[in-house]
Amino acid sequence: MAAVKPVGPLLVEHAGASRATAAETDAVEGLSPEEIALRGHYYMALQREVEDRIERKLYRQGKILGGVYVGRGQEAICVGAGLAAEEEDWLYPCHRDLGLYLVRGVTPREIFAQYMGRVGGLTRGREGNMHMGDLKRRIVAIISAMAASVPVAAGTAMALKFQGSRQIVFNIFGDGATSRGDWHEGINLASVQKAPVVFICNNNQYAYSTPLEKQMACEHVADRAPGYGMPGEIVDGNDVFAVYNAVQRAAGRARAGQGPSLIECKTFRMTGHSAHDGGDYVPEHLWREWAEKCPIQRVERTLLECGWASREELDATHARIRREADEAIAWAENSPYPDPSTLTHDVYEGSR
Amino acid sequence: MAEVTYLEAIRQGIWEEMERDASVFCIGEDIGVYGGAFKITKGMLQRFGEQRIVDTPISESAIVGAAIGASFAGMRPVAEMQFSDFITCAFDQIVNFAAKTRYRWNAPAPLVVRAPSGGGIHGGPYHSQNPEAWFVKTPGLKVVEPATAYDAKGLMKSAIRDNDPVIFFEHKKLYRAVKGEVPASDYTVPLGKARLHREGKHIAVITYGAMVHVASEAATVLEREGVSLEILDLRTLLPLDEEAILASVKKCSRALVLHEDTLTGGIGGEISARISEKAFEWLDAPVVRLAAPDTPVPFAPPLEQAFLPDANKVIEKARWLAAY
Ligand SMILES: Cc1ncc(C[n+]2csc(CCOP(=O)(O)OP(=O)(O)O)c2C)c(N)n1
């Protein structure tokens, strides 16, 4: 059982950190550091743009109703995990993990339409915001209750193991979710069953208004893992290479039949809990400190320093993403609302 | 008397009980510094301190379990579910522990579980449900859902003072939409007693929560057509005020049972059965139910609109009943 890595030095971030973890990538089988940087940058920037449009534009214009939750500042976690997942693997994202959908090929069109309750959305207007899944793409939708996905992810992993599949499961959740009984039951079951699943915690240090120290009396989420006989690892969640590498290693263990792992990604929620919450309970200095650690800016520095991209190329990527978003919003706004006559369809197979 | 919102009335009810009785305390997620997702407990941390406004981890089962345990030790906990949709996470503690403890070993559990419920706020399947029927079929619990500010405060006080576990549903749509006069002096509204919201002659509408206001809207329109609705606001769903239900039905001879919860297994079935058993001879028409269809609560506005009972749907049913 791997010991819990101390977290201290990781959080004292320095400019070279991403470069250092990029170098470590060479030791892990999978994408090259350059590929991680380029693809990671694109998907993180795309997530940021799509979520900015949703939260700061469409929501404020009244075009999106209901709850809006974004992953601003923590994109490296879902994108890093998404890059480590193989196409056939199963994904259990949570409510700030839009990047995981994007890496798997869900389009901004489908996402904007989902948020606007249109038929072109992933749930055809039945559901809103991040409550979306697509079985064909092996993305499982959350229910709202935090941590409810954990035992479900364990079950998918148990089935895959039973079927002799090479596929594994990736399940992401927040720090707050680890307080729920479902979390503990699911983690324990997965571990007892040596189910091929990678549990990934985005520890953004707040659950709604509740700071970590009111959520748990241990220092790290990863501290919970040894009690379940599972390796727990702590990584810098704002470093896409670090996330990728840790997830890749855990995926290797899962595929090798060694069972589940818990990876705690230290990060920060650079927004209130949701679009209607300004987050004024967060001490001012935390916003400032964590703004410095923006995962997108960090990977851009690495790209430039390593000569993998020029400033012009990065600008062109951002311009392309903005165009993609413009086009996708226009498409989504043209997608109709579901017809009220379909209200009772699909409660059961074939029901009308 | 001051006019306050339904939300403020609930807040005052809890606040005054906490002032009156040091054994009353609140426990839930984000209720302290943040003042609760809907701001019901706003300012209470400053007034009552962390011992009595207890912020918890995301642990509904532990919140209710701890409330039960504290009630055994002489406290009167008010536990908050951030949304009633998450009350499912505490289901076992509520229906198996709290509800049965008095009957099994004579250990009362005087606690209140507050649960913001209901749709019409674009919340989708997990922020819009009306789960009252799950609890109405659990002997040992009391189930309350006020429709007005006056009742919200008075029922909250009664719920806190009651010596049995009370599930207190608060309709989210009413929080800021409904206002009413609330006395500054101490008063309570008894549990288990319905209230005549509107007197009428032709059709007894038996309802509660947000649907009281929907029925009122329909009554205004129907009055112009010469159809007079009587509206009975149940206020407490368990125990049911059968006497008040039967009195209204016998007076009007036609009954419409209305709720926002879905139809099958909703409390409307129970009410309509009791009317059939006990007021059959007085009826001039079948007892009619109007409720949400048997589907999850959809997100897209046109779907949600089709899902929720509204004044037009009440009018349609009432016209049918009147013409029967
Ligand atoms: C069981 C349950 N209780 C309450 C809520 C309301 N709620 C939604 S998100 C949230 C905070 C979640 O915190 P965390 O798991 O750390 O994820 P984060 O939002 O920080 O990414 C809460 C309390 C919920 N969704 N589920």
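Residues numbered from 1 in each chain as written. Chains lettered and ligands numbered in written order. Predicted model: local features only at pLDDT ≥ 70, side-chain atom pairs only at ≥ 80, totals over all residues. Heavy atoms only, no water.

Caption draft 1: The overall build of chain B, seen in detail. Of the regular secondary structure elements, chain B holds 13 helices and 14 strands. Rg of the C-alpha trace for chain B: 19 Å, near the compact-globule value of 20 Å for 324 residues, within the 12% margin. Counting only C-alpha atoms, chain B reaches 60 × 40 × 40 Å along its principal axes. The buried share of chain B, reckoned over its 324 residues, is 64%. A sequence separation of at least 24 residues applies to 82% of the contacts in chain B between residues at least 6 apart. Just so you have it, chain B exposes about 12100 Å², and 52% of that area is on carbon and sulfur atoms. Placing the 35 positive and 41 negative side-chain charges of chain B at their respective mean positions leaves the two points 2 Å apart. (Helix = DSSP H or I, 4+ residues; strand = E, 2+ residues; numbered from the N terminus. Rg over C-alpha atoms; globule rule 2.2 N^0.38 Å. Buried < 20%, exposed > 50% of the residue type's maximum accessible area, 1.4 Å probe, protein only. Contact = heavy atoms within 4.5 Å. Areas by Shrake-Rupley, 256 points an atom, 1.4 Å probe, with all protein chains shown as cover. Lys, Arg positive; Asp, Glu negative; His and termini not counted. Charge placed at Lys NZ, Arg CZ, Asp CG, Glu CD.)

Caption draft 2: Looking closely at the site of the ligand. As a structural note, the neighbourhood of the ligand is formed by 22 residues, with A:H95, A:R96, A:G176, A:Y206 and B:E60 the closest of them. Around the ligand the close residues trace back to chains A and B. The separation between a nitrogen atom of the ligand and a polar main-chain atom of A:M146 is 3.1 Å. At 3.2 Å, a backbone N or O of A:D175 approaches an oxygen atom of the ligand. Its free accessible area being 580 Å², the ligand has 97% of it covered by the protein chains. Partitioning the shell around the ligand into residue classes produces nine nonpolar, eight polar and five charged. (Near = heavy atom within 4 Å. Polar contact = N/O pair within 3.5 Å; in protein donor to acceptor, adjacent residues only side chain to side chain. Nonpolar A, V, L, I, M, F, W, Y, C, P; charged D, E, K, R; others polar.)

Caption draft 3: Structural view of the sheet that holds strand β2 (residues 24–28) of chain B. Residues and elements named next belong to chain B. Taken together, the seven strands give an open sheet; going across it, the order is β3-β2-β4-β5-β7-β6-β12, and neighbouring strands pair in mixed fashion. On the outer flanks of this sheet lie β3 (53–55) and β12 (236–238), each paired with one strand and no other. Put simply, the sheet's adjacent strands are angled 20 degrees from each other on average, direction ignored. The pairing of β2 with strand β4 (residues 76–80) spans five bridges and is parallel. (Pairing = 2+ DSSP bridges. Axes fitted to C-alpha atoms, helices over the stretch in contact; angles between N-to-C directions.)

Caption draft 4: Layout of the environment of A:E34. Residues and elements named next belong to chain A. Considering the arrangement of structural elements, one finds E34 in helix α3 (residues 33–58). Take E34: its relative accessible area is 35%, and that puts it in the partly exposed class. Separated by 273 residues in sequence, E34 and G307 have C-alpha atoms that sit 9.5 Å apart.

Caption draft 5: Structural context of the confidence of the model for chain B. With 100% of its residues at a pLDDT of 70 or more, chain B shows a mean pLDDT of 98. The complex model carries a pTM of 0.94, and its ipTM stands at 0.92. (pLDDT = per-residue confidence, 0-100.)

Caption draft 6: Here's a closer look at the nonpolar core. Counting residues in each nonpolar core, the largest one holds 68 residues, and the members touching the most others are A:I111, A:F112, A:F170, A:V198, A:I200 and A:V247. For A:F112, the contacting residues outside a window of four places in its chain are A:V50, A:R53, A:I54, A:L58, A:A325, A:A328, A:I329 and A:A332. Ranked by size, the runner-up nonpolar core spans 51 residues in total, among them A:M270, A:L286, B:A152 and B:V189. (Core = buried A, V, L, I, M, F, W, Y, C linked by side-chain atoms within 4.5 Å.)

Caption draft 7: Looking closely at helix α2 (residues 17–25) of chain A. Residues and elements named next belong to chain A. Residues of α2 that are buried include every one of A17, S18, T21, A22 and T25, and no others. Projected onto a plane normal to the axis of α2, the buried residues spread over an arc of 135 degrees and lie on a single side. Contacts made by the buried residues of α2 are with α3, α10 (240–255) and α12 (295–305). (Arc of directions from axis to C-beta.)

Caption draft 8: Focus on helix α11 (residues 267–278) of chain B. All names here are of chain B. Across its twelve residues, α11 extends 17 Å between first and last C-alpha, which sits within 8% of the 16 Å expected from 1.5 Å per residue. Those residues of α11 lying buried are I267, G268, I271, S272 and I275. Each buried residue of α11 lies within a common arc of 130 degrees when the element is viewed along its axis, so the set occupies one face. Its buried side turned inward, α11 meets α6 (132–136), β10 (203–207), β12, α10 (242–252), β13 (255–262) and β14 (288–292). (Expected span 1.5 Å × (residues − 1).)

Caption draft 9: Quick look at unusual backbone geometry. Residue and element names in this part refer to chain B. Here L238 and P239 are connected by a cis peptide whose omega angle stands at -5 degrees. Backbone geometry places N106, a non-glycine residue, at a positive phi of 60 degrees. Taking relative accessible area as the criterion, N106 reaches 61% and is therefore assigned exposed.

Caption draft 10: Region of the structure containing the domain arrangement of chain B. Residues and elements named next belong to chain B. Each assigned domain of chain B is listed here: domain 1 (2–182) and domain 2 (195–323). Every contact between the two is made by 28 residues of domain 1 and, on the other side, 23 residues of domain 2. Overall, the association of domain 1 and domain 2 removes approximately 2000 Å² of surface from exposure, summing both partners, and the carbon and sulfur fraction of that is 60%. If you sort the residues of domain 1 by the area they bury against domain 2, H122, V136 and E145 come out on top, with a joint share of 23%. At the boundary of domain 1 with domain 2, the tally comes to two salt bridges. Of the charged contacts in the structure, one is a salt bridge between R195 and D151, with a shortest N-O distance of 3.0 Å. Those elements that provide at least two residues to the side of domain 1 that touches domain 2 are α6, β6 (142–144) and α7 (149–161). A total of four residues in the side of domain 1 that touches domain 2 trace back to one element, the largest contributor, which is α6. (Domains from an automatic or database assignment. Buried area = accessible area lost by both parts, 1.4 Å probe. Salt bridge = Lys/Arg side-chain N within 4 Å of Asp/Glu carboxyl O.)

Caption draft 11: Representation of the sheet that holds strand β9 (residues 195–198) of chain B. Residue and element names in this part refer to chain B. On the basis of which strands lie adjacent, the open sheet formed by five strands has the order β9-β11-β10-β13-β14 and mixed pairing. Of all the strands in the sheet, just β9 and β14 have a single pairing partner and so form its edges. Going across the sheet, the axis of each strand differs from the next one's by a mean of 25 degrees, ignoring polarity. Lying over the sheet, helix α13 (residues 311–323) contacts β10, β11 (229–233), β13 and β14, oriented at roughly 170 degrees with respect to β14.

Caption draft 12: Just the environment of A:S209, in detail. With respect to the secondary-structure elements, A:S209 resides in the loop between β4 (206–207) and β5 (210–211). Once you skip the residues sitting within four places of it in the chain, A:S209 turns out to touch A:Y281, B:D30 and B:Y34. Here B:D30 takes part through its side chain, which lies 2.7 Å from a polar atom of the side chain of A:S209.

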